[in-house]
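A structural walkthrough
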Amino acid sequence: MPTNIEWTDLTDNIIRAKVGGWWCQKISEGCKNCYSEKLNQNSFFGGNKQPYSGQPPELVLDTEAIRKWGFQRKPKKHFVSSMTDIFGEWVPRFWQHEMLDGMFVAPNQVFQILTKRPEIMLSSMDEWLSCHGLDKLPLNIWPGTSIENRRTLEERSQFLSKIPALIRFWSVEPLLEDLGDITHYLNDVQLVIIGGESGPNSRPCHIEWLESIVQQCHAAKTSVFVKQLGANAIFGGQRFKTRDKKGGDIEEFPQELQVREFPFSIHE
């Protein structure tokens, strides 16, 4: 379905709870104020009010949505399963492979797959590639991992870097601390999406942290996409106020952060 997420065109939530809504399992600091959990607890969005903790409810895979990918003619970027983690421990491996099969037969569509569990993504994708006699993912499948601090950078990037893909990406949102020197890690990704946290009780994001990432990406010739400053942006030790409540209006960004790049793609 259409989305307001700036770096994609559509969100395809192919895994749902059998009785309304979605489900995911929180795993790290970036999950604390999970936006999808809040949506899931809102009946207006068809949620089931179950928190993203404990045991998963009965889940279903939308095989019809997957089948339709191959019949879509107009090229789009698809963020797959924005409301959960397709590579969560609770997701059957054959569901992941069925998803990849659907992407394989839809070469005109780009699929952005984001996980906080890249070690499972690596294992599952290696199995799928082996079954198909492939040595790398097709150009239209972009594996990515979420990063919120230095610890998750060091832990997750090592697994993502081993996935044989032409385009790998990070979603550095919410950025919760200065990542420091990331030059070495940038050799393994083609796109870095960054942003501060939005919503109630959002944690601070210092604009200097964002600027550092942008500068290092430019030096490494890695595409960088500044999604938002966040609802609690700090600059020079002071609150950086924006009219947009999530700091997502690019015209309100400092000039050096007005950057929204993509790597080459099949649509060029």
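Bear in mind that the values here come from a model prediction, so they are computed numbers and not experimental data. (Residues numbered from 1 in each chain as written. Predicted model: local features only at pLDDT ≥ 70, side-chain atom pairs only at ≥ 80, totals over all residues. Heavy atoms only, no water.)

What follows concerns the packing of aromatic side chains. The tally for this structure, following the rule as stated, stands at eight aromatic pairs. Each ring, one from W7 and one from F79, has its centre 4.7 Å from the other, and the planes form 45°; the classification is tilted. Placement of W7 in the segment before β1 (10-12) and of F79 in strand β4 (residues 77-80) is noted, with a sequence separation of 72 residues between them. Geometrically, the ring pair formed by W23 and W90 is edge-to-face, given 5.0 Å between the ring centres and 80° between the ring planes. Placement of the pair is W23 in the loop between β2 (15-17) and α1 (35-40) and W90 in the loop between β4 and α3 (93-104), with a sequence separation of 67 residues. In textbook terms, an aromatic cluster arises when at least three aromatic residues are bridged by ring pairs, as seen for W7, F79 and F169. One residue, K77, lies across the ring of F262, its end atom 4.6 Å from the ring centre. (Phe/Tyr/Trp six-rings, centres within 6.5 Å; stacked < 30°, edge-to-face > 60°. Helix = DSSP H or I, 4+ residues; strand = E, 2+ residues; numbered from the N terminus. Lys NZ or Arg CZ within 6 Å of the ring centre and 35° of its normal.)

Turning to the pairing of strand β6 (residues 141-146), a few remarks are in order. Counting buried positions over the six residues of β6 gives six, a clear majority of the element. Of the two faces of β6, the one carrying I141, P143 and T145 and the one carrying W142, G144 and S146 are both buried. Sheet analysis places strand β5 (residues 110-115) next to β6, joined by five bridges and oriented parallel. Along β6, the bridge assignment pairs T115 with T145. Remark: the β5/helix α4 (residues 118-132)/β6 crossover connection has right-handed handedness. The β-α-β motif built from β6, the intervening helix α5 (residues 150-160) and the parallel element strand β7 (residues 169-172) has right-handed crossover chirality. (Buried < 20%, exposed > 50% of the residue type's maximum accessible area, 1.4 Å probe, protein only. Pairing = 2+ DSSP bridges. Right-handed = clockwise from strand over helix to strand, strands pointing away.)

This next bit is on unusual backbone geometry. For the bond from E173 to P174, the omega torsion is 0°, close enough to zero to count as cis. Here the phi dihedral of N201 falls at roughly 60°; this positive angle occurs in a residue that is not glycine. With respect to the helices and strands, N201 occurs in the loop between β8 (191-195) and β9 (205-206). What makes N201 exposed here is its relative accessible area of 68%. In the Ramachandran plot, K221 falls in the positive-phi region, its phi being about 60° despite a non-glycine side chain.

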